[in-house]
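Residues per chain are reported as follows:
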Amino acid sequence: MVIWNIARATFKECTQKKVMWILLGVALLIIGLSFIFSFFAPSERLVLIKSMGLGAIYLFGAGIALIVTAGLIPTEIERRTVHTVLSKPVERWQFVIGKFLGIALVLFMNLILMGIALLIVIMGQGSVRAEGFVKALVSNARILEATLLLFFYLLILSAFAILFSILTTTNISIMLSLFVFVVGSLSDYVESLINVSQNPLTQIFLKALHLLVPNFGNANIYNPVIHGYIPPGEFLYLLLAIAYALSYSLILTSISCWAFAGKEV
Amino acid sequence: MEAIKTEGLTKHFYEPLRRQTVIAVDNLDLVVEKGEIFGFLGPNGAGKTTTIKMLLGLIFPTSGRAWVLGNPIGDRKTRQKVSYMPENPYFYDYMTGEEVLYFYGGLFGLKGPSLKKKVDELLELVDLSEHRKKQLNGYSRGMLQRIGIAQTLLNDPELLILDEPTSGLDPIAHREIRELLIRLKEQGKTIFLCSHQLSDVEMVCDRVGIMNKGKLVTVGRLEDLLKVGEMEIAVEGLDPSQVEQVEKIASRIYKKDGDFLVYAEGEEKAQEVIDFVRNNGGRIISMVPLRRSLEELFVEIVKEEG
Amino acid sequence: MKRRLWLIIVFLLVILLQLKVDTYRENYKPGGTTSFGYISREVLATALMGLREVAASLLWLKIEDYFHSGEHEKITPLIRIITWLDPHFIEAYSSGAWHLAWNSEDWRLIPSAEEFLKEGIKNNPDKYELYADMGWLFYDKVKDYEKAIEWYKKAASLPSPPLVKRMLAHSYERAGRIEEAIKIWKELVEEGNKLVERNPNNFEAIFDRDVAVHNYNMCIIRKVDRAALAKKPKTYYLTYQVYRVSPRILQVRARTNLPELSRIRVSLVDADIERRKKESLGWQLMNVTEYRDVWPQVKGGEMKTDIDLTDALKYPLKGESFILALSFLPQTQPIPVQDYVGWLGEGMTGKDVIVVHTSPPGKKMEKSTTLTLEEILGQQTLLLKEVK
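What comes next is a walk through the structure. Remember, predicted model here, so these are calculated numbers, not experimental data.

Rules used throughout
- Residues numbered from 1 in each chain as written.
- Chains lettered and ligands numbered in written order.
- Predicted model: local features only at pLDDT ≥ 70, side-chain atom pairs only at ≥ 80, totals over all residues.
- Heavy atoms only, no water.
- Helix = DSSP H or I, 4+ residues; strand = E, 2+ residues; numbered from the N terminus.
- Rg over C-alpha atoms; globule rule 2.2 N^0.38 Å.
- Contact = heavy atoms within 4.5 Å.
- Areas by Shrake-Rupley, 256 points an atom, 1.4 Å probe, with all protein chains shown as cover.
- Lys, Arg positive; Asp, Glu negative; His and termini not counted.
- Charge placed at Lys NZ, Arg CZ, Asp CG, Glu CD.
- Core = buried A, V, L, I, M, F, W, Y, C linked by side-chain atoms within 4.5 Å.
- Buried < 20%, exposed > 50% of the residue type's maximum accessible area, 1.4 Å probe, protein only.
- Salt bridge = Lys/Arg side-chain N within 4 Å of Asp/Glu carboxyl O.
- Buried area = accessible area lost by both parts, 1.4 Å probe.
- Polar contact = N/O pair within 3.5 Å; in protein donor to acceptor, adjacent residues only side chain to side chain.
- Nonpolar A, V, L, I, M, F, W, Y, C, P; charged D, E, K, R; others polar.
- Pairing = 2+ DSSP bridges.
- Phe/Tyr/Trp six-rings, centres within 6.5 Å; stacked < 30°, edge-to-face > 60°.
- Lys NZ or Arg CZ within 6 Å of the ring centre and 35° of its normal.

1. Thoughts on the overall build of chain B
Here is step 1 of the chain: A tally of regular secondary structure across chain B gives 11 helices and 14 strands.
Here is step 2 of the chain: On C-alpha atoms alone, chain B measures out to a radius of gyration of 25 Å, which is more than a quarter above the 19 Å that the 2.2 N^0.38 rule sets for 306 residues.
Here is step 3 of the chain: Based on the C-alpha atoms only, the size of chain B along its principal axes is roughly 80 × 50 × 35 Å.
Here is step 4 of the chain: Summarising the internal contacts of chain B: among those between residues at least 6 apart in sequence, 69% fall at separations of at least 24.
Here is step 5 of the chain: Only carbon and sulfur atoms are counted for the fraction: they give 48% of the accessible area of chain B, which is about 14,700 Å².
Here is step 6 of the chain: One way to put it: in chain B the 41 positive side-chain charges average out to a point 7 Å from where the 48 negative ones average out.

2. Focus on the nonpolar core
Here is step 1 of the chain: If you look at the biggest cluster of nonpolar residues, it comprises 166 residues, and the most contacted ones within it are Tyr153 of chain A together with Phe192 of chain B.
Here is step 2 of the chain: A per-element tally of this core places helix 9 (residues 142-167) of chain A first, with 17 residues.
Here is step 3 of the chain: Each residue touching tyrosine 153 of chain A, except ones within four places of it in the same chain, is listed here: Asn215, Phe216, Asn218, Ala219, Ala241, Tyr244 and Ala245 of chain A.
Here is step 4 of the chain: Of all hydrophobic cores here, the second largest spans 60 residues; its members include Ile75, Ala97, Leu117 and Leu168 of chain C.

3. Describing the pattern of salt bridges
Once the charged atoms of two side chains with opposite charge are near each other, the side chains can pair.
Here is step 1 of the chain: In total, this model carries 50 salt bridges over all chains according to the counting rule given.
Here is step 2 of the chain: Two residues, lysine 11 of chain B and glutamate 264 of chain A, come together in a salt bridge whose shortest N-O distance is 2.5 Å. With lysine 11 of chain B in strand 1 (residues 4-15) and glutamate 264 of chain A in the segment after helix 14 (234-261), this pair bridges two chains.
Here is step 3 of the chain: By relative accessible area, which is 31% here, glutamate 264 of chain A ends up partly exposed.
Here is step 4 of the chain: Among the salt bridges present, the one from glutamate 15 of chain B reaches arginine 18 of chain B, with a minimum N-O distance of 2.8 Å.
Here is step 5 of the chain: With a relative accessible area of 25%, glutamate 15 of chain B lands in the partly exposed category.
Here is step 6 of the chain: Its relative accessible area of 55% is what places arginine 18 of chain B among the exposed residues.

4. Some words on the interface of chain A and chain B
Here is step 1 of the chain: Facing 28 residues of chain A, the contacting portion of chain B comprises 30 residues.
Here is step 2 of the chain: In total, about 2,800 Å² of surface goes out of reach between chain A and chain B, with carbon and sulfur atoms giving 58% of it.
Here is step 3 of the chain: Looking at the side of chain A facing chain B, the largest losses of area belong to Lys88, Pro89 and Glu264 of chain A, adding up to 23% of the total buried there.
Here is step 4 of the chain: Taken together, the connections running from chain A to chain B amount to four salt bridges.
Here is step 5 of the chain: Taken together, the connections running from chain A to chain B amount to 16 residue pairs in polar contact (both at pLDDT 80 or more).
Here is step 6 of the chain: For the side of chain A that touches chain B, the elements supplying multiple residues, two or more each, are helix 1 (2-15), helix 5 (81-86) and helix 6 (92-123) of chain A.
Here is step 7 of the chain: Among the elements that take part in the side of chain A that touches chain B, helix 1 of chain A stands out by supplying six residues, more than any other.
Here is step 8 of the chain: Of the residues contributing to the side of chain A that touches chain B, the split by class is 10 nonpolar, eight polar and 10 charged.

5. Quick notes on the side chain of glutamine 333 of chain C
Residue and element names in this part refer to chain C.
Here is step 1 of the chain: In this fold, glutamine 333 is placed in the loop between strand 7 (321-328) and helix 13 (335-341).
Here is step 2 of the chain: By relative accessible area, which is 0% here, glutamine 333 ends up buried.
Here is step 3 of the chain: A polar atom in the side chain of glutamine 333 sits 3.1 Å from the backbone oxygen of leucine 329.
Here is step 4 of the chain: With near-sequence residues (within four places) excluded, glutamine 333 lies in contact with Arg174, Ser262, Arg263, Phe328 and Gln338.

6. Overview of unusual backbone geometry
Here is step 1 of the chain: A positive phi angle, near 50 degrees, is found at lysine 213 of chain B, a position not held by glycine.
Here is step 2 of the chain: Checked against the element boundaries, lysine 213 of chain B lands in the loop between strand 9 (207-212) and strand 10 (215-221).
Here is step 3 of the chain: The backbone of lysine 143 of chain C shows a phi angle near 60 degrees, a positive value even though the residue is not glycine.
Here is step 4 of the chain: Among the structural elements, lysine 143 of chain C can be located in the loop between helix 7 (128-142) and helix 8 (145-157).

7. Description of the environment of tyrosine 244 of chain A
Here is step 1 of the chain: Note that tyrosine 244 of chain A resides in helix 14.
Here is step 2 of the chain: A distance of 3.3 Å separates a polar atom in the side chain of tyrosine 244 of chain A from the backbone oxygen of valine 213 of chain A.

8. What about the arrangement of the chains?
Here is step 1 of the chain: Out of two pairs of chains that touch, the pair holding the most contacts is chains A and C.
Here is step 2 of the chain: What separates chain B from chain C at the closest point of their C-alpha atoms is a distance of 20 Å, and the two make no contact.

9. Thoughts on the pairing of strand 2 (residues 20-32) of chain B
Residue and element names in this part refer to chain B.
Here is step 1 of the chain: Judged from the nine bridges that link them, strand 1 and strand 2 form a sheet pairing that is antiparallel. Bridging from a neighbouring strand, isoleucine 4 pairs with valine 32 of strand 2.
Here is step 2 of the chain: Linking strand 1 to strand 2, which pair antiparallel, is a turn of four residues; within it arginine 19 sits at a positive phi near 50 degrees.

10. Observations regarding the packing of aromatic side chains
Here is step 1 of the chain: Counted by the stated rule, this structure contains 27 aromatic pairs over all chains.
Here is step 2 of the chain: When the ring of tyrosine 92 of chain B is compared with that of phenylalanine 103 of chain B, the centres are 5.4 Å apart and the planes differ by 80 degrees; the resulting orientation is edge-to-face. On the criterion of sequence distance, the pair formed by tyrosine 92 of chain B in the loop between strand 6 (82-85) and helix 3 (97-107) and phenylalanine 103 of chain B in helix 3 is long-range, its members being 11 residues apart. Each of the two residues, tyrosine 92 of chain B as well as phenylalanine 103 of chain B, counts as buried.
Here is step 3 of the chain: With a centroid separation of 5.3 Å and an interplanar angle of 50 degrees, the aromatic rings of phenylalanine 103 of chain B and tyrosine 104 of chain B are classed as tilted. Each member of the pair phenylalanine 103 of chain B and tyrosine 104 of chain B is classed as buried.
Here is step 4 of the chain: An aromatic cluster is built from Tyr153, Phe160, Phe164, Tyr244 and Tyr248 of chain A together with Phe11 of chain C, whose rings are joined through pairwise contacts.
Here is step 5 of the chain: When the ring centre of tyrosine 104 of chain B is taken as reference, the NZ or CZ atom of lysine 88 of chain A above it lies at 4.6 Å.

Okay, structure coming up:
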């Protein structure tokens, strides 16, 4: 109840922020600007629209998660709104979880909006509609599947941003989280390097890095989605990948709760 | 059971920029009884807000202990019965007046029609009913202050901790708040009032504590603190020779159109003066125990401390 | 302590999940290996941040530029990067292989084209396109019709347009397996009829059906005509002289009674070409010389063509001796020529004709001679060899 109250207030607060709408607007603009690919052949154009669109969702989703989340708790402390909340019968962890859930709602809304926008653009392509509206809609709905998976991975990013913002400041939190995001996005390449590397020490280091760093790359199922085929075991993959994201977020949020419980506000 | 009790409550802040530790609250022993209005005074930086934040569990004491409503500080259930209004309250300015109250009400676990009734009542009480749908970023300072007071009453608290509740209010609102405080006291609530408005404190508080530089310098009943021990006795009908005799008893005398103002130190001396006047055919017009103003006391203490 | 335990347990769960996730990750990762020699930093960053397919498409545009500016040598490595970034970019495999096999005009690259298509097929086993490309490589370029049949069969077993099955029928016909060709044309006619019945206004289907009908009829006619050829085969001969025109330019002058417009394949390769090919791993076959020309035509009983080896990159001439061969392969001949000699040379005989033990067995003419490095590089114009 208390948590839900705080989550709702957080959602409302975020949706009042101009920066979120600007980021969302730019992302939608990029998704909508697909007509610039008109000089490509229809099949290539579709691949480009999907990949550009999914890429824009990935980057701007992360941008929204970072910028909106990192400022949340420091602003409360700075503007002292946190005093009136925490002097009520609210536990510190309830406050953190409430903030986190609020952000989750914000991210969900953003991703769904971007995903649907991309779906609309794709359905707007003549070559897609040619195979029949319902069939095309069903096959391209996997855009939303990829977007939904990304949602769980952006939760990790937000959990990082919250933790870092409790321990440091908004700006440092953004930089640290961005760093984690970039390293985590390279997970596929790190994994490939393990096989290429000859040095066992390097291999161990890379493997440890791969297992410790949050692997945002897990959210990248774009290739099959773009080319419209379903790899074997995809359902299980999605379950595992989501479980991974949730567990990772759980760790970070636990630490955030403990850190915030000991923080003087 | 005391509403607030602290034992050796101490808070040190480390200032990394100046590389020194600042003692914000130093070994504070304080008791606030249930049902009283306690005025908590002190110049800026005396440690009042730090003390309040420790009592509310927002920051943690370096040493010492404290209880609120009989429970150790930091207890969530206690905060159900306490309410707090910070100095210059900032609320979520994207919310409307009623949304803020609904939000805080929710934090107290209130919901449904009872919450709605409470919100309506409180908006009426602080005279903001017509602005209830307006976002707080469109509120004036006084309106924010009134919303701040409204939110302290959501949970029907046993203890109210108010930090500068009357700053920024126009005179009428100011008086209304003062009356509200007295009404709350009549309902048996304890009020811990931090204020610069010494006139407010003087008018409503039962006891005051004065802090300076982290230390509680004075604490006690307001009358006791302000009493200076001198009586001002207005006398008439004495001839000059008799006046000379009175002068020997009194600490000083002012003459005014054949009347005299006699100041006597202590009750015994005062009685002597009275007896002398009556025995010598004079008349006592009035008799007033002399008091300092709170302001005088405050300035005196702060000056003494340097 | 409790907190630490909690963290450790959840973190172990995280690690376990990632290990499990990794086993599925193959399906989503970039494909194969590549070098980054030709990739710009911006594109690389785009790719790394999860915009792999965008990067691939941008590089694809770049290929267009290279193609028009004639920087052909940059195209192949770039296509390798594209297919690494996006292993399902079929177009890239397709055109990369085309580039290697046809556009480069370098016979040494044909195995590379084949390998490249095989990699594409491995990454996209369910799409017909690359199987069909492989079929076309063997049908049109290598002219190995048995292999073309193999690949077109695979392509036709997947959802594909009628053209694929038509090519399978053509491959059978070229391979001399006329009964199988007829069977497929018949199937195509029946399938076409069904489609046209269902929708009489489907002009595409009508066209496809009519093509099948025409080819079916032609196969039946040829089957009868060419069966007659085998009964009274004609004696053919082929002789030629090899001249050196200038260093690295040779001229072949052949005399023959082969039908007008017959195509003679002229090739000049290292004497030890197989060993050399095996030794040169990778894409650049710096030590291999492989000249082939399938186009020289017989006109008025003569065939004359120049062998131009002046491009030292393409024809390094690293060996000591080279084999020059002229061949007449009935399978590869234009249809009017096949009308005289048959699909597999059934209508041919004579001391110059060799029997090839294929199934069904065929005949061909092939005459080779050995040239030394000095003979090719020498200065003055000279008759080098006379092959009777």
